[in-house]
There are 2 protein chains.
Amino acid sequence: MCKHQAIDVAVLLGSLPQFSALSPAELATLAAGATHIFATRGQMLVRQGDLCQGMFIVLDGQVKLAFISSQGHEKVIQVVRPGQVFCEAMLFVDQPYAFFSQALCDLALVHLTKSCMLEVMAGNPGLMRHFLAGVASGYHRLLIEHKTIRLYSATERTVRYLFAELASSGRLCDGAVIDLDVAKGLIASQLNLTQEHFSRVLRELHQLGTIVLKGRRVVIPEMSALAACLSGQPLTGGVWTKLPAM
Amino acid sequence: MCKHQAIDVAVLLGSLPQFSALSPAELATLAAGATHIFATRGQMLVRQGDLCQGMFIVLDGQVKLAFISSQGHEKVIQVVRPGQVFCEAMLFVDQPYAFFSQALCDLALVHLTKSCMLEVMAGNPGLMRHFLAGVASGYHRLLIEHKTIRLYSATERTVRYLFAELASSGRLCDGAVIDLDVAKGLIASQLNLTQEHFSRVLRELHQLGTIVLKGRRVVIPEMSALAACLSGQPLTGGVWTKLPAM
DNA sequence: CGGGTCATTGATCTAGGTCAACTGGCGTGG
DNA sequence: CCACGCCAGTTGACCTAGATCAATGACCCG
């Protein structure tokens, strides 16, 4: 792992939205424990079982968070993109990492040590509040993903993923185009599917005319057709077939 | 829902570990927005889709957090027990609830409004830090449960559940006894299993002699036999059979 | 004693996984 | 410029973990 204790780390940190409101003194404290990291594709950034030393901010490239069973089955939790942070919740939990993170391509990031982060946060309630909101929304995101995996079928999870991609790109009109920026196998794993099954689901949607598929480009001719694949709407009757066991 | 704006809410709050360090003025602020709630079995405390109005502390009884699909399939996330808090992460996320919560029996709890909580926290970094740690460890717990569901088989999830129960009761010796304090159907749902399948798994373990089952009482004659059901140990060779797709 | 709730058991079904072969770019090196 | 190999993706044949459906049993408690 190539680490630069670059001279301009304080400047770099100040330019990040997370830290733009910090005083020069606070930035200096953070910078003292900060490392500018350039990692190569495939490199491990944190290992399952390690204790948290600090948090990461992705400047450029993509990072995969995943866990792996003893049989080698790997399941992706999330792909972290530039501007996003990871391992920040672990600053506050004295437990070994339940996942690992790996560079999906050559990338640039900043590592901030736990102690510096905690020190600055202790003197800056605004920053702490910011992190609290971040961790809480991370919790909420994970909860929703957990729910999606437990409640919905492969096709529905796939369609929900497409909608999430559309929403994040802001284009929710008919004829919208999605260019997948990661390998399909990774997306499949995030949806708790095998690559093979994911491929079949996409083909089925393509054959139905719901989507138009060409490599990693997905075109949605009409939103309503895609939305019809979701079980949210077909409120036929509306009476729940099976009531909770309590 | 029977709500008492009891006179002694401030005293009650002060006696809770979460708030024992608060000043009288802070307790008064919290108490101003606090409600002492007595709910009856089956009653909904928060509904899927609602916006968060505040958080709850369970004084007595059990609360189920779960979500439900449009077909009525219910999946339990967690059972909250006395002394525990729920919905606290939602104070910091402006999103509708992705789950609902329901009283599993008649119960007593305290509801604290969002605005009061945020106000007191803004002036008390120690409390905020406490909540940050709480939300972060909730995140970690959910992550581990998510991982368990995605990586392990029904039998292994069941065994892991038993170990978690043992760990929380502190008795990890041979001959340990677990008395399940909730319906088996609820445990099954937390493990993402049907009640039927869970029953079969338990019976299988019983027939193997790994556990002794009598109603809701589970006896573990020897820990090592139970541990042998986990795939963590059999590091045969150690080479992963299937390498990550990256 | 009768009606809840909770749990067990059997018979059958299916979504999705596994294994294996194949395709179609795309960069690399001769 | 072509041959080669590599990697991402596709397709087909088959299998299995766990769900579903349906019936029955075991308590409790009023």
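Position labels on residues start from 1 in each chain and follow its written sequence. Chains and ligands are labelled sequentially in the order written, the chains with letters from A and the ligands with numbers from 1. Local features are withheld for residues below a pLDDT of 70 in this predicted model, meaning they are given only at 70 or higher, and side-chain atom pairs are given and counted only at 80 or more; totals for whole chains, interfaces and linings count all residues. Hydrogen atoms and water are omitted, and side-chain values are computed over all heavy atoms in the structure.

1. What about the sheet that holds strand β11 (residues 212-214) of chain B?
All names here are of chain B.
Right, so step 1: Following DSSP output, two strands are said to pair if at least two bridges run between them. Helix and strand definitions here come from DSSP, where helices need a minimum of 4 consecutive H or I residues and strands a minimum of 2 consecutive E residues; each element is numbered from the N-terminal end. Pairing in this open sheet of 3 strands is antiparallel, and the strands run β10-β12-β11 from one edge to the other. Both edges of this open sheet fall to β10 (176-179) and β11, since each of them pairs with a single strand only. Averaged over all pairs of adjacent strands, the angle between their axes in this sheet comes to 15°, without regard to strand direction.
Right, so step 2: As paired strands, β11 and strand β12 (residues 217-220) are joined by 3 bridges and run antiparallel to one another. Bridge pairing in β12 places lysine 214 opposite arginine 217.
Right, so step 3: Here, residues are in contact when the closest pair of their heavy atoms is within 4.5 Å. The axes are straight lines fitted to the C-alpha atoms, using for helices just the contacting stretch, and the angles between their N-to-C directions are given from 0 to 180°. Along the sheet face, helix α5 (residues 154-169) touches β10 and β12 and points at about 100° away from the line of β10.

2. Let's talk about the interface of chain B and chain A
Right, so step 1: Chain B puts 59 residues into the contact, and the matching count from chain A is 59 residues.
Right, so step 2: Taken together, both faces of the contact between chain B and chain A bury some 5,600 Å²; the carbon and sulfur share is 71%.
Right, so step 3: What counts as a salt bridge is simple: a side-chain nitrogen of Lys or Arg found within 4 Å of a carboxyl oxygen of Asp or Glu. Summed over the shared surface of chain B and chain A, the result is 0 salt bridges.
Right, so step 4: N or O atoms closer than or at 3.5 Å make up a polar contact, with two conditions inside protein: a donor-capable atom paired with an acceptor-capable one, and, for residues adjacent in sequence, both atoms drawn from side chains. Summed over the shared surface of chain B and chain A, the result is 11 residue pairs in polar contact (both at pLDDT 80 or more). Joining two parts hides part of their accessible area as seen by a 1.4 Å probe, and the buried area is that hidden amount summed over both.

3. Description of the sheet that holds strand β8 (residues 100-103) of chain A
Residue and element names in this part refer to chain A.
Right, so step 1: Taking strand neighbours across the sheet as the criterion, the 4 strands line up as β3-β8-β5-β6 in an open arrangement whose pairing is antiparallel. This sheet does not close on itself; its edge strands, each paired only once, are β3 (44-46) and β6 (74-80). Pairwise comparison of adjacent strand axes, ignoring direction, gives a mean angle of 35° for this sheet.
Right, so step 2: Note: strand β5 (residues 63-68) against β6, 6 bridges, orientation antiparallel. Counterpart to lysine 64 in the pairing with β6 is valine 79.

4. What to know about the UniProt feature "domain: Cyclic nucleotide-binding" (unreviewed entry) in chain A
Right, so step 1: UniProt positions are given in the numbering used here, feature names are shortened, and annotations may be inferred rather than shown by experiment. The UniProt feature table records "domain: Cyclic nucleotide-binding" (unreviewed entry) at residues 18-138 of chain A.
Right, so step 2: With 26% helix and 35% strand, residues 18-138 of chain A has its two end C-alpha atoms placed 15 Å apart.

5. With respect to the UniProt feature "domain: HTH crp-type" (unreviewed entry) in chain A
Right, so step 1: Feature annotation in UniProt assigns "domain: HTH crp-type" (unreviewed entry) to the following positions: residues 152-224 of chain A.
Right, so step 2: Split by type, residues 152-224 of chain A is 53% helix and 15% strand. Its first and last C-alpha atoms lie 19 Å apart.

6. So, the protein's contact with DNA strand D
Right, so step 1: Any residue with a heavy atom positioned within 4 Å of a molecule or strand is treated as near that molecule or strand. Around DNA strand D lies a shell of 18 residues, among which Lys184, Arg200, Arg203 and Arg216 of chain A together with Ala154 of chain B are the nearest.
Right, so step 2: Backbone sugar and phosphate groups make up 66% of those atoms of DNA strand D lying within 4 Å of the protein.
Right, so step 3: Contact distances for DNA strand D include 3.0 Å between a phosphate oxygen and a backbone N or O atom of alanine 154 of chain B.
Right, so step 4: One of the side-chain nitrogen or oxygen atoms of glutamate 196 of chain B is found 3.2 Å away from a base nitrogen of DNA strand D.
Right, so step 5: Listing elements by their share of the surface near DNA strand D, those giving two or more residues are α6 (184-190) and α7 (195-208) of chain A together with α7 (195-208) of chain B.
Right, so step 6: The element that contributes the greatest number of residues to the surface near DNA strand D is α7 of chain A, accounting for 5 residues.
Right, so step 7: Throughout this entry, Asp, Glu, Lys and Arg are counted as charged residues, while Ala, Val, Leu, Ile, Met, Phe, Trp, Tyr, Cys and Pro are counted as nonpolar. The remaining residues, Gly among them, count as polar. Across the surface near DNA strand D, the residue classes tally to 3 nonpolar, 8 polar and 7 charged.

7. What about unusual backbone geometry?
Outside of glycine, negative phi angles account for most residues, and trans bonds account for most peptide bonds.
Right, so step 1: Positive phi, close to 60°, is recorded for asparagine 192 of chain A, a residue that is not glycine.
Right, so step 2: Within the fold, asparagine 192 of chain A resides in the loop between α6 and α7.
Right, so step 3: With phi around 70°, cysteine 87 of chain B is a residue other than glycine that occupies positive phi space.
Right, so step 4: On the secondary structure map, cysteine 87 of chain B appears in the loop between β7 (85-86) and β8 (100-103).

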